[in-house]
Structures are given as structure tokens and as C-alpha cells.
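Remarks on the overall topology
Now for the letters of each chain:
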Amino acid sequence: AQTVTQSQPEMSVQEAETVTLSCTYDTSESNYYLFWYKQPPSRQMILVIRQEAYKQQNATENRFSVNFQKAAKSFSLKISDSQLGDTAMYFCAFMKAGDYKLSFGAGTTVTVRA
Amino acid sequence: DVKVTQSSRYLVKRTGEKVFLECVQDMDHENMFWYRQDPGLGLRLIYFSYDVKMKEKGDIPEGYSVSREKKERFSLILESASTNQTSMYLCASSLPAGSASSYEQYFGPGTRLTVT
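Small disclaimer: the values here were computed from a predicted structure and weren't measured.

Remarks on the nonpolar core
Residues and elements named next belong to chain A. Grouped together as the largest cluster of nonpolar side chains are 25 residues, with contacts concentrated most on Leu21, Tyr25, Trp36, Phe75, Leu77 and Tyr90. Of all the secondary-structure elements, those providing two or more residues to this core are strand S3 (19-21), strand S5 (32-39), strand S6 (46-52), strand S8 (64-69), strand S9 (74-79), strand S10 (88-96) and strand S12 (108-113). The element best represented in this core is S10, accounting for four residues.

Thoughts on the interface of chain B and chain A
If you look at the interface, chain B gives 22 residues, while chain A gives 19 residues. Only strand S4 (31-38) and strand S5 (42-51) of chain B provide two or more residues apiece to the side of chain B that touches chain A. The element best represented in the side of chain B that touches chain A is S5 of chain B, accounting for five residues. In terms of residue class, the side of chain B that touches chain A is built from 13 nonpolar, six polar and three charged.

Considerations on the environment of Val66 of chain A
Residues and elements named next belong to chain A. Tracing the backbone through its elements, the reader meets Val66 in strand S8. For Val66, a relative accessible area of 6% gives the class buried. Apart from the residues within four sequence positions on either side, Val66 is in contact with Trp36, Ile49, Gln51, Asn58, Ala59, Phe75, Ser76 and Leu77.

A short note on the pairing of S10 of chain A
All names here are of chain A. Of all the nine residues making up S10, seven are buried; the element is thus mostly covered by neighbouring parts of the structure. In the sheet, S10 pairs with S12 via three bridges, with the strands oriented antiparallel. Bridging from a neighbouring strand, Ala88 pairs with Val110 of S12. Following S10, the chain reverses through six residues before pairing antiparallel with strand S11 (residues 103-104); Gly98 in that reversal takes a positive phi of roughly 85 degrees.

Things to note about the state of the cysteines
All names here are of chain B. Here the structure, examined in full by the defined rule, presents two disulfides over all chains. Paired through a disulfide, Cys23 and Cys91 show a sulfur-sulfur distance of 1.9 Å. Residues Cys23 and Cys91 share a disulfide whose torsion about the S-S bond is about -75 degrees; that sign makes it left-handed. On the criterion of sequence distance, the pair formed by Cys23 in strand S3 (residues 19-25) and Cys91 in strand S9 (residues 87-94) is long-range, its members being 68 residues apart. Among the residues examined, Cys23 registers a relative accessible area of 0% and is labelled buried. The class of Cys91 is buried, set by a relative accessible area of 0%.

Examining the sheet that holds strand S1 (residues 4-6) of chain B
Residues and elements named next belong to chain B. Spatially, the four strands line up as an open sheet ordered S1-S3-S8-S7, and their pairing is antiparallel. Strands at the two margins of the open sheet, each flanked by one partner only, are S1 and strand S7 (65-70). Taken pair by pair, the neighbouring strands of this sheet meet at an average axis angle of 20 degrees, ignoring direction. In this structure, S3 lies alongside strand S8 (residues 73-78), joined through six bridges in antiparallel fashion. Residue Val24 lies in a different strand from S8, and its bridge partner there is Arg73.

About the cut-offs
Residues numbered from 1 in each chain as written. Chains lettered and ligands numbered in written order. Predicted model: local features only at pLDDT ≥ 70, side-chain atom pairs only at ≥ 80, totals over all residues. Heavy atoms only, no water. Core = buried A, V, L, I, M, F, W, Y, C linked by side-chain atoms within 4.5 Å. Buried < 20%, exposed > 50% of the residue type's maximum accessible area, 1.4 Å probe, protein only. Helix = DSSP H or I, 4+ residues; strand = E, 2+ residues; numbered from the N terminus. Contact = heavy atoms within 4.5 Å. Nonpolar A, V, L, I, M, F, W, Y, C, P; charged D, E, K, R; others polar. Pairing = 2+ DSSP bridges. Disulfide = S-S within 2.5 Å. Axes fitted to C-alpha atoms, helices over the stretch in contact; angles between N-to-C directions.

Written out as C-alpha cells, the structure is:
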């Protein structure tokens, strides 16, 4: 089984500033996907960004980017120019290639202050 | 847009009751999942189904069963609810492995179940 660890239970950031969420994982697989999901308060969880392990280039989606360090088994999420709507719980998740099951971390609650 | 709906947002049941949680998706997805979400533990997979009448146990299936009689509907059943099953329950769906975008799971809004 894959283990996904998010060591920061809560983070707070001023609007327009940058925040980085950390995630580490443990696997013996060589081909897999990594994800960050966002769960806003009382709203449905949505996919923010994904990274394929075979790709060296870090994924970017608008203000969201990742720092994928395969050898270190690290997958951090950077939120730039934070907005109030970014307030949410963020989950890091792992999936083996060809599989359909996700393994989730414990989550990090991000609060953006006005 | 994919829509995943769950029958209740909040549910209060008594210990020993039989509880049904319903999930419906409208995108013809083969895969459907039931998770429970607890503080500090993230989401843990209870059961998943990859086709009608097909199911597999996830990481924490004890005390739960599932039913999938139609492709769009996936039910989670607590045969005899206990207080340690008080939790948030999330349903999700996805395309089969190997499909384009099969990696993405689409989630419902969740059901917060309290067992007293």
C-alpha cells in the first residue's frame, strides 16, 4: 500500500501572497500519478492539478504549480497570488498507473486572510 | 459537467439501525467509489465498483456493504450502525483505467452521518 504524508495540518496566508504545501509519499512503483485535490468549505472536492511520474517537467495550472522531486518522493503545491476563494482543505493523492484507486494524505487546511 | 449527487447532506441515525447512503452519477462512468473522511486521516476507501454488480473491498470495508444494480447508482449500506461509523461519507466516480482522463475522480458533496 502507498503511504501519503502531509505534515502541515493548517496553513494561513495573506491574500496575494504565496503559500507552499508539502507532500511526501512512499512507493516502490516506477510509474504513477500524483494529484492535489481541493475541498472548499461545504463544497465538493475538485481536482486542482496532476503530475505524471514519467514527466520531468513540473505541472502548472494557472496560479497553481507543483515541485515534483521523484528521487526524494516529494510533491509540493505552490499557490501564487492567493485569493480568498483558495480557502479550502487540500489533499495530496497517489495513484499507480493503470489503476483507479487513490491513496490520500491527511489534508492541509489553507486559510487565506483578507 | 459531471455531476455526482448524494441522497442526503446530513443524516442522524441510532445505533443498530440499518443505514442506506445513495450516490448517483450522470456521466456513464464505470467506476464508483465510497470513501469516509475523518479529521487527521484524510479519505479512506471503503468499497469500489468497476461495473454493475461488481465490487471490491477497499482499505476499510468492515461494517459496510455496497450495492450496484444500475450503472449510475452506487449504494453504501451500514447493516447495523455503530457510533464509530459517525463520519463524512464521500462518493466518487471515474472512467475505467486506460481511458483518457481515467485518473480523475469526480466527487459528490458528501453525507455527514451521525450515529447516536
